[in-house]
Amino acid sequence: MLGSAGSISSNSPHLRRSGSRPVVFDLSEDVDYLLQSETSEMKAGGTPLSSAAIMPSPLLLWRFKVLLFFVWGFSCCKIGWDSVMRMGADLRDLFLYEAFLYYNPLLLVTMMVWLWGINLWVFSQSNIGYARIFDLDQNCLTHQEIWKCATWLTIIVPTSMTAYLYLYSHGEVSMAASQPVLLYAAMTMTLIFPFDIFYLSSRYFLLRTIWRIVLPLQAITFPDFFLADIFTSMSKVFSDLERSVCRMVHRQVATIAWFEADSVCGSHAVAIPIVLVLPYIFRLFQCLRQYKDTGEKSSLLNALKYSTAIPVIFLSALKYHVFPDNWIAFYRPLRLISSVNSFYSFYWDITRDWDLSCFTRIFKFSKPHTLSYLLYGRTWVYFWVIGSNLVLRCTWTYKLSAHLRHNYITVFTITALEIFRRFQWVFFRVENEWNKMNSKASVQMSMVDNPTEEEKLLGSNVHTV
């Protein structure tokens, strides 16, 4: 049948189109090409379909990655534990305190990135347009990309910490001292790297927002005070970062020179309360700037809330600069001001940031119409958030006390709980802003659909010619 194809006339209508020149197909060449292709595929040992069939499934790859992650985690824990046990009991506590200082801020930052990814995932599931709220473009980071960054941080930071413990315990002090320095330098360079790799637009947005927080010379936007509020929860993280960088600059890493009371990077350093108070001062200036722009008295009340945290920080720092007998005279007013700050902040979270109006709505959850506009819609969630927010507000203010500096496990736990409290706060703060934007849009639409009497009269005099 194929052999007879060569006898077809070149002028056959089946091989030509109207008005075209004769077109001739040599079918014998096509047959030879197909035979050669089949022969080469048989020599190769299979077809493309068979090669695709041996590719592992995405689920298998994911399980393999999880297995590698657990093996890596177990190895880090085993090496770190063995390294610590090699040291003497007298040196072990000091060494752990120093190692913890370098790495606990980065571990807490990693935790914050993981929780922020969860925030974005819940927003996407709840149809909350967080890109519109934060005035982001369409290429903003999704929760998958945030989790990818958090995964790399989860791998890099503990690996560096394990290397630091292992090298120090085996006598390689200089190499051990270089581990936190290299880690801090690498993370700083990654954040400020000016080339278009590793989410340049998102890094630029973050750095620009931080600059606007430090110098509030322009109108305050929602991302400005939102990130500044998060920074107040991370004030202890910034304080530990400052102490770590101080020891790196003065070459005190992997030494006990910092343990001296008069050391520039020691527990008596004046920079500690200054760095602790800076996020609250930045937020205070934002409130004053907002009052200047809008004239709203609520901005002054919000500024008063942040101003109550400043005496707590500086009064607690006096423990290292006064005699123990005199410290009792400062401790009582410190406890009073801490209580004022905690309850004032709690009240502001409920009534202003979340707009739950605790004195009118908290006891009306049984009425479905009262909170029908809220997006999460489960009664127990609101009771849990309100109760935990009150407890953690009080705990967080206590953590700011300078006399807890050496209780690093306690401070780390309380700081992690405060970051978790802020993680809960984000849900309802963004939800409240989304509700405000939608209600404002609906009001504007109703004004367009229902013109005033004056607009109707003016419109009646307009005639089409």
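Draft legend 1. A look at helix α11 (residues 271–294). For α11, built from 24 residues, the straight-helix expectation of 34 Å at 1.5 Å per residue is met to within 8% by its first-to-last C-alpha distance of 34 Å. Residue L278 marks the point of greatest curvature in α11, where the axis turns by about 35°; the proline P279 follows within four residues. Taken together, the buried positions of α11 are occupied by I272, P273, V275, L276, V277, P279, Y280, F282, R283, L284, Q286 and C287. G295, located one to two residues past α11, shows a positive phi value of around 75°.

Draft legend 2. A look at the packing of aromatic side chains. Considering all chains together, one arrives at 24 aromatic pairs under this definition. Relative to F412, the ring of F100 lies with its centre 5.2 Å away and its plane at 75°, an arrangement referred to as edge-to-face. Remark: F412 occurs in helix α17 (residues 408–449) and F100 occurs in helix α4 (residues 89–125); sequence separation between them is 312 residues. Take F100: its relative accessible area is 15%, and that puts it in the buried class.

Draft legend 3. The packing of helix α12 (residues 297–307) against helix α13 (residues 309–317), seen in detail. Where α12 meets α13, the axes come as close as 4 Å, and the angle between the chain directions of the two elements is 10°. Classified by the angle their axes make, α12 and α13 are roughly parallel. Contacts between α12 and α13 involve K305, Y306 and S307 on the former and, on the latter, A309, I310 and P311. When its residues are assigned to classes, the contact of α12 with α13 shows 4 nonpolar, 1 polar and 1 charged.

Draft legend 4. Seen up close, the confidence of the model for the protein. Averaged over every residue, the pLDDT of the protein is 78; residues scoring 70 or more account for 73%. Within the protein, no element has a lower average pLDDT than helix α15 (residues 358–361), which sits at 44, and none a higher one than helix α9 (residues 222–233), at 95. Between residues 41–52, whose pLDDT stays under 50, and residues either more than four places distant or in other chains, the model counts 1 contact. Note on residues 358–376: pLDDT under 50 across the span, and 36 contacts to partners over four residues away in sequence or across chains.

Draft legend 5. Examining a nonpolar patch on the surface more closely. Together, M189, L191, I192, L206 and L207 make up an exposed nonpolar region whose accessible area comes to about 390 Å². Counting residues per element, the nonpolar patch draws most heavily on helix α7 (residues 173–192), which supplies 3 residues. The residue L207 is located in helix α8 (residues 200–214) in this model. Judged by its relative accessible area of 31%, L207 is partly exposed.

Reading the values: the criteria
Residues numbered from 1 in each chain as written. Predicted model: local features only at pLDDT ≥ 70, side-chain atom pairs only at ≥ 80, totals over all residues. Heavy atoms only, no water. Helix = DSSP H or I, 4+ residues; strand = E, 2+ residues; numbered from the N terminus. Expected span 1.5 Å × (residues − 1). Bend = angle between axes of the 7 residues up to and from the residue. Buried < 20%, exposed > 50% of the residue type's maximum accessible area, 1.4 Å probe, protein only. Phe/Tyr/Trp six-rings, centres within 6.5 Å; stacked < 30°, edge-to-face > 60°. Axes fitted to C-alpha atoms, helices over the stretch in contact; angles between N-to-C directions. Parallel < 35°, antiparallel > 145°, perpendicular 65-115°, else oblique. Contact = heavy atoms within 4.5 Å. Nonpolar A, V, L, I, M, F, W, Y, C, P; charged D, E, K, R; others polar. pLDDT = per-residue confidence, 0-100. Patch = residues over 30% accessible without salt bridge, like charges linked within 9 Å, V, L, I, M, F, W, Y side chains within 5 Å. Areas by Shrake-Rupley, 256 points an atom, 1.4 Å probe, with all protein chains shown as cover. Salt bridge = Lys/Arg side-chain N within 4 Å of Asp/Glu carboxyl O.

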